[in-house]
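Now for the letters of each chain:
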Amino acid sequence: MRLLAIVPSMYDTSPGQRFRIEQWEPLLLQRGVEITYAPFENELLHGLLYQTGNLGGKLAHVSRGFARRLSVIKSVREFDAVYIFREAALLGPAVFERMIQRRRVPIVFDFDDAIFVSYRSPSNGYLSYLKFAAKTKTICRLASHVMVGNSYLAEYARQFNSNVTIVPTTIDTEKYSVRQKNADDVPVVGWTGSFSTVQHLDTLRSALQKLARQEKFRLRVIGTPEYHLEGVEVEALRWHSQTELADLRPVDIGIMPLPNDAWSKGKCGLKALQFMAMGIPTICSPVGVNTEIIQDGENGFIANTEQEWIDQLGRLLRSPTLRAQIGLAGRATVEQKYSAIAQVPRVYEVLESIAYGAPGLAPTRPVGSLPRRSDYNSV
């Protein structure tokens, strides 16, 4: 099967994209699916998007992205199906999606966030509103099948398309492994995210400061080069895909605070799953899919109020035995329900159904040599 993956970001640069189609690729290849990536971004645009300001430069490079998209759309008939992650273009209505549908190439549309909710990015300000959040329903209608990361997103998608499959965000359990911790070390509480989501960690500032007066711990913040919290020993690190696993390994307790809003309800628990896959006991806010992933007190903890955060963190900080017990239970949950190995067969069934009409149907076009991944990355 020849699959064109129309994605927003360059390869190995975006968490959602990395933990969905990019992570599934090796397992799909074993089933005969050859993926060609067509990112909207190039290196210049990628660098600009995560900086504040420079609106003119961003718009100029986005317009060049539109030109690259047009070039890619011309080739869609060379493929058995098109996979669209989130959207075909970073800004504007569903123009390119309509162009693909008119060429009668089946589309599988995949999203793992509440992209139908207008969201103002800290990096891009009001430029975010040009994303046309309402186009999500149009893409759902145009798609042959929709894949989503949780039941909240599925409820939205089913308003516009009856062919909807929930495929949770997955973890490569071969890469994410459990390591023995030294119980004598000062425990490390860890958070991972980005410049745009560090505001979620800010909601715990008071709780962490109060906890530091009672318990000894260090706070590791991954995703921003600076983070200051008076009274708490903090280590802040930029996020890099090459060092992601090494940066997570020293963490003894993972935290994932979220606000209870429409955008956060669409989150698919990636950060919690990363911690859990490494045997790190995890505490989450009771928002969205978190309460499906975590059974409170069994494979992790749920905390809502400030006092609940202090209490749950305190319990884990004081007991290496409890940390190990909860961490291993979390790891087992990921292996059973949230591993790439467990979920990719379902992804393949979706792709097969839209590309060939029915499972087991032979390809209708000959499979020749495919463009290399770099051919589209450099367009």
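Right, let's walk through the structure included here. (Residues numbered from 1 in each chain as written. Predicted model: local features only at pLDDT ≥ 70, side-chain atom pairs only at ≥ 80, totals over all residues. Heavy atoms only, no water.)

## Description of the overall build of the chain
- Helices and strands together make up the secondary structure of the chain, namely 16 helices and 12 strands.
- Per-residue burial over the chain gives 56% buried out of 379 residues.
- At a minimum sequence separation of 6, the contacts of the chain that also span at least 24 residues come to 71%.
- Summing over all exposed atoms, the chain offers an accessible surface of approximately 16400 Å²; the carbon and sulfur share of this is 49%. (Helix = DSSP H or I, 4+ residues; strand = E, 2+ residues; numbered from the N terminus. Buried < 20%, exposed > 50% of the residue type's maximum accessible area, 1.4 Å probe, protein only. Contact = heavy atoms within 4.5 Å. Areas by Shrake-Rupley, 256 points an atom, 1.4 Å probe, with all protein chains shown as cover.)

## Observations concerning the sheet that holds strand 10 (residues 253–256)
- An order of 9-8-7-10-11-12 is seen for the six strands of this open sheet, with the pairing classed as parallel. Two strands lie at the open edges of the sheet, namely strand 9 (233–237) and strand 12 (301–302), each paired on one side alone.
- Here two bridges tie strand 11 (residues 282–284) to strand 12, and the two strands are oriented parallel to one another. From the neighbouring strand, C284 faces strand 12, where its bridge partner is I302. (Pairing = 2+ DSSP bridges.)

## Here's the deal with helix 5 (residues 135–142)
- Burial analysis of helix 5 places six of its eight residues in the buried class, which makes it a mostly covered element.
- Against helix 4 (95–102), strand 4 (107–111), strand 5 (145–148) and helix 6 (151–157) lie the buried residues of helix 5.

## A short note on the sheet that holds strand 2 (residues 34–39)
- With respect to topology, six strands assemble into an open sheet ordered 2-1-3-4-5-6, the strand pairing being parallel. At either margin of the open sheet sits one strand with a lone partner, and together these are strand 2 and strand 6 (164–166). Shown here is a sheet whose adjacent strand axes are inclined to one another by a mean of 20 degrees, direction ignored.
- Inspection of the sheet shows strand 4 paired to strand 5 by four bridges, in the parallel sense. When the sheet's bridge partners are listed, V108 is paired in strand 5 with H145.
- Helix 5 contacts strand 4 and strand 5 of the sheet and is inclined by roughly 145 degrees relative to strand 4.
- Here helix 15 (residues 340–356) sits on the sheet and contacts strand 1 (2–7), strand 3 (81–85), strand 4, strand 5 and strand 6; the angle it forms with strand 5, its principal contact strand, is near 165 degrees. (Axes fitted to C-alpha atoms, helices over the stretch in contact; angles between N-to-C directions.)

## Considerations on a negative patch on the surface
- A cluster of acidic residues, D296, E298, E308 and D311, forms a negative patch at the surface.
- Secondary-structure assignment places D311 in helix 13 (residues 306–318). (Patch = residues over 30% accessible without salt bridge, like charges linked within 9 Å, V, L, I, M, F, W, Y side chains within 5 Å. Salt bridge = Lys/Arg side-chain N within 4 Å of Asp/Glu carboxyl O. Lys, Arg positive; Asp, Glu negative; His and termini not counted. Charge placed at Lys NZ, Arg CZ, Asp CG, Glu CD.)

## Describing the packing of aromatic side chains
- This structure, assessed with the given rule, holds eight aromatic pairs.
- Measuring from centroid to centroid gives 5.1 Å for Y11 and Y37, while their planes differ by 80 degrees, and the two rings are edge-to-face. Within this pair, whereas Y11 is found in the loop between strand 1 and helix 1 (15–29), its partner Y37 is found in strand 2, the two being separated by 26 residues in sequence.
- A relative accessible area of 28% places Y11 in the partly exposed class.
- Centroid distance F66 to F96: 6.1 Å. Interplanar angle 35 degrees. Geometry classified as tilted. Placement of the pair is F66 in helix 3 (residues 55–73) and F96 in helix 4, with a sequence separation of 30 residues.
- Under the relative-accessibility criterion, F96 is labelled buried at 7%.
- One aromatic cluster is present, formed by F116, Y152, Y156 and F160 through successive ring pairs.
- A cation over a ring is seen here: R2 above F79, with NZ or CZ 5.7 Å from the ring centre. (Phe/Tyr/Trp six-rings, centres within 6.5 Å; stacked < 30°, edge-to-face > 60°. Lys NZ or Arg CZ within 6 Å of the ring centre and 35° of its normal.)

## A look at the pairing of strand 2
- Counting buried residues in strand 2 gives five out of six residues, a clear majority hidden from the surface.
- With six bridges connecting them, strand 1 and strand 2 associate as parallel partners. Looking at the pairing, V7 lines up with P39 of strand 2.
- Each parallel crossover has a hand, and for strand 1 linked through helix 1 to strand 2 it is right-handed. (Right-handed = clockwise from strand over helix to strand, strands pointing away.)

## Quick look at the pattern of salt bridges
- Summed over the entire model, instances satisfying the criterion amount to 12 salt bridges.
- D110 is the partner of R20 in a salt bridge, and the nearest nitrogen-oxygen pair spans 2.9 Å. In this pair, R20 is assigned in helix 1 and D110 in strand 4, connecting sequence segments 90 residues apart. Each of the two residues, R20 as well as D110, counts as buried.
- Residues participating in the shared-partner salt-bridge network are R86, D112, D113 and K267.

## A few points about unusual backbone geometry
- Although it is not a glycine, D12 adopts a positive phi angle of roughly 65 degrees.
- For D12, a relative accessible area of 32% gives the class partly exposed.
- For R86, which is not a glycine, the phi torsion comes out positive at approximately 75 degrees.
- Checked against the element boundaries, R86 lands in the loop between strand 3 and helix 4.

## A look at the packing of helix 13 against helix 14 (residues 320–337)
- Where helix 13 contacts helix 14, the axes come no closer than 5 Å and their chain directions differ by 105 degrees. One way to sum up the angle between helix 13 and helix 14 is to call them roughly perpendicular. Residues R315, L316, L317 and R318 of helix 13 form the contact with helix 14, whose participating residues are P320, L322 and R323.
- A per-class count over the contact of helix 13 with helix 14 returns four nonpolar, no polar and three charged. (Parallel < 35°, antiparallel > 145°, perpendicular 65-115°, else oblique. Nonpolar A, V, L, I, M, F, W, Y, C, P; charged D, E, K, R; others polar.)

Purely geometric stuff here, so don't read any function into it on its own.
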